[in-house]
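Spelled out from the first residue to the last, the chains are:
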Amino acid sequence: MPTLVSHPDEVKVLSRRFGKGAADIDKYIELDGYKAVQKAIAEGPDKMASWIIDTMKASGLRGRGGAGFPTGMKWSFVPKVSEKPKYVLVNGDESEPGTCKDHVIFLEDPHAVIEGTMIAGLAIGSKMGFIYLRGEYRYLLKIMEKAVADAYARGFLGKNIFGSGIDFDIVTQSGAGAYEVGEESALMESLEGKRGVPRIKPPFPAVVGLYGGPTVINNAETIASAPHILLMGGEAYAKLGSERNGGTRLFGISGHVERPGVYELPMGYNLKKAIYDVAGGIKDGKKLKAVVPGGASCPVLLPEEIDVGLDFDQMGKAGTMLGSGGIVVLDETVSIVEFALRTIAFYQHESCGWCIPCREGTDWIKKTLTRVYNGGGSKKDVANVQYLAENMMGRTFCPLGDAAAMPTLGFVKKFRKEFEDYIEGHKAGTPIITVEQLVGAH
Amino acid sequence: MSTITNSIFTPETAARFDHLVTLYPVKRSALVPMLLYAQDDIGYVSDAVVTEIAQRLDLLELDVRNVLSYYSMLRTKPAGKYNVQVCTNISCMLRGGYEILDHCKHKLGIGHKEVTADKLFSLEEVECIGACCWAPAMQVNYDFHDNLTPVKVDEILQTYREGKGKDVK
């Protein structure tokens, strides 16, 4: 079970109910629960949707799944009139290595996810929402199922919610193990009972989504932020963060730090401070070697590159990404060759095989790095890995290909010498493994 | 949706499936969770499970198998009563995930995706389970265990051996 942590620099908006028993519906209500959805409904049927979307736009909230797309704008893309039913889809298929923030939300504040789903539904004129949790999160699914049942029992869900004349239903759904399903179109495929392979875009989900209807799909943290934003006001929320990056977000700091945990920090908070102050610095007084700043898919940063603000734009400028907010800290003892291999092994395992550059690229990078790691690498391998990764970029339906290529490129570019020294140092007496041997060993 | 006669599932699971298919605009949407719940009930996705689920959802068995082969938690062979799943992905690896995996291999005397002779335990090396900040972590069936040390692992395995382990379903 997650251990809750705390630090004075935290700004607790999303996490303000954590540790207070808010999974209980009465406690949630006591802590201002279900007030935001009623506030929206009080705007009246004509103004409600536009008020929600305007407030979300003003908040500067950007998608917490990793892409950082402005949430208010996403909601505004859904056509007002649609022949097919519209849907709200909550992405709780949290699977990016280094990321465990939604885990804590489902555990500590499940009703915030429900209320946020209702708000998104009211904003786009949908009558049905789905909350999709990864299959491994069974105990959290149980918590969500109970929360949904409690909300129905109070009449908060179902027919005529809060006297609005609007019906809204929520169904919770379990996955069965697939990183790829965290991609929005693959998640819709999974929810339709299919293999989780991505769909080509356009059309985007806002126009053609689940069951062919207009669909808003948001990360669980994004959705859970909505009630807080409506209650405190869009501008007030925006002010907590940095320019064009409104509010706060949950950062999961893991790896070689003294106090790993999920911390809520303002957008734009300094990464170095997050590691050295908030998470207590490098474990056992060791030296920092590298930081993977936003989940495994984000290019690695060197110690001299971490004096940077944690928001989508500043991280982009630093040549990496804010991603899903999972900061993984590596101390001086880590072999980057081994770490890069473990990273690509993950993406190779999770590639759905739909797009050839991703399927073949991840597999060949894994094979090549495997022989490097095992001491049978050739000097050309580093350049070859870079070549493979560069040829995956932008050539796949979904971002998994990029997610595998980007960190790989980061490792081989920033730690090239370590790879070369490793190959040199491990060569003595070890014959180079041939392509035939690699294929045979598959 | 009428109840399937001679269902292979327990009455509770069969009733749950009868209800599950009514929740969605399209019946097939129940397929992925249904396969997982069926596995919880029977132990693995057997041929009989595929047949009954196909029947319940008006799908070809081929459609069911096509989906079955995609999801990593679904298996077509029995696992142990307690399936020990050790995460070795980056955050766990940095805090000793591989040592935990090796310790489990040694203690249980089995490797990846193998089952002990008494069928009590099986072992799997798994990808990130979303417990990165409490690493290293593992799941025994659906139950999470984190901040692991070899000593803690021994205690956990012993709890299950004595039948006192929590079993979330």
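Residues numbered from 1 in each chain as written. Chains lettered and ligands numbered in written order. Predicted model: local features only at pLDDT ≥ 70, side-chain atom pairs only at ≥ 80, totals over all residues.

### Overview of the interface of chain A and chain B
Part 1 of the argument: Contact with chain A, which involves 51 residues of that partner, is made by 37 residues of chain B.
Part 2 of the argument: Sort the elements by how many residues they give to the side of chain A that touches chain B and helix H13 (residues 336-350) of chain A lands first, with six residues.
Part 3 of the argument: Residues belonging to the side of chain A that touches chain B are distributed by class as follows: 21 nonpolar, 21 polar and nine charged. (Contact = placed C-beta atoms within 7 Å. Helix = DSSP H or I, 4+ residues; strand = E, 2+ residues; numbered from the N terminus. Nonpolar A, V, L, I, M, F, W, Y, C, P; charged D, E, K, R; others polar.)

### Quick look at the domain arrangement of chain B
Part 1 of the argument: Once the domains are mapped, chain B shows domain 1 (11-68) and domain 2 (82-161).
Part 2 of the argument: A straight line from the C-alpha centre of domain 1 of chain B to that of domain 2 of chain B covers 29 Å. (Domains from an automatic or database assignment.)

### Description of the packing of helix H14 (residues 356-373) of chain A against helix H16 (residues 400-414) of chain A
All names here are of chain A.
Part 1 of the argument: Where H14 contacts H16, the axes come no closer than 9 Å and their chain directions differ by 30°. The angle between H14 and H16 falls in the class roughly parallel. The element H14 and its partner H16 pack so that their crossing is left-handed. Of H16, the residues touching H14 (which contributes Pro-357, Cys-358, Gly-361, Thr-362 and Ile-365) are Leu-400, Gly-401, Ala-404, Ala-405 and Thr-408.
Part 2 of the argument: Of the residues assigned to the contact of H14 with H16, the class counts are six nonpolar, four polar and no charged. (Axes fitted to C-alpha atoms, helices over the stretch in contact; angles between N-to-C directions. Parallel < 35°, antiparallel > 145°, perpendicular 65-115°, else oblique. Left-handed = near helix turned anticlockwise from the far one by under 90°.)

### As for the pairing of strand S3 (residues 169-174) of chain A
Residues and elements named next belong to chain A.
Part 1 of the argument: Strand direction decides the pairing type here: strand S2 (residues 128-133) and S3, joined by six bridges, are parallel. What sits directly across from Ile-131, in S3, is Thr-172.
Part 2 of the argument: Taken together, S2, helix H7 (residues 138-153) and S3 constitute a β-α-β crossover, and its handedness is right-handed. (Pairing = 2+ DSSP bridges. Right-handed = clockwise from strand over helix to strand, strands pointing away.)

### Comments concerning the sheet that holds strand S5 (residues 248-255) of chain A
Residues and elements named next belong to chain A.
Part 1 of the argument: Here we have four strands laid out as an open sheet, ordered S6-S5-S8-S7, and mixed in their pairing. Edge positions in the sheet fall to strand S6 (261-266) and strand S7 (288-292), since each has one partner strand and no second. Taken pair by pair, the neighbouring strands of this sheet meet at an average axis angle of 30°, ignoring direction.
Part 2 of the argument: Bridging between S5 and strand S8 (residues 326-331) involves four bridges; their strand directions are parallel. Residue pairing in the sheet places Gly-255 in a bridge with Val-329 of S8.

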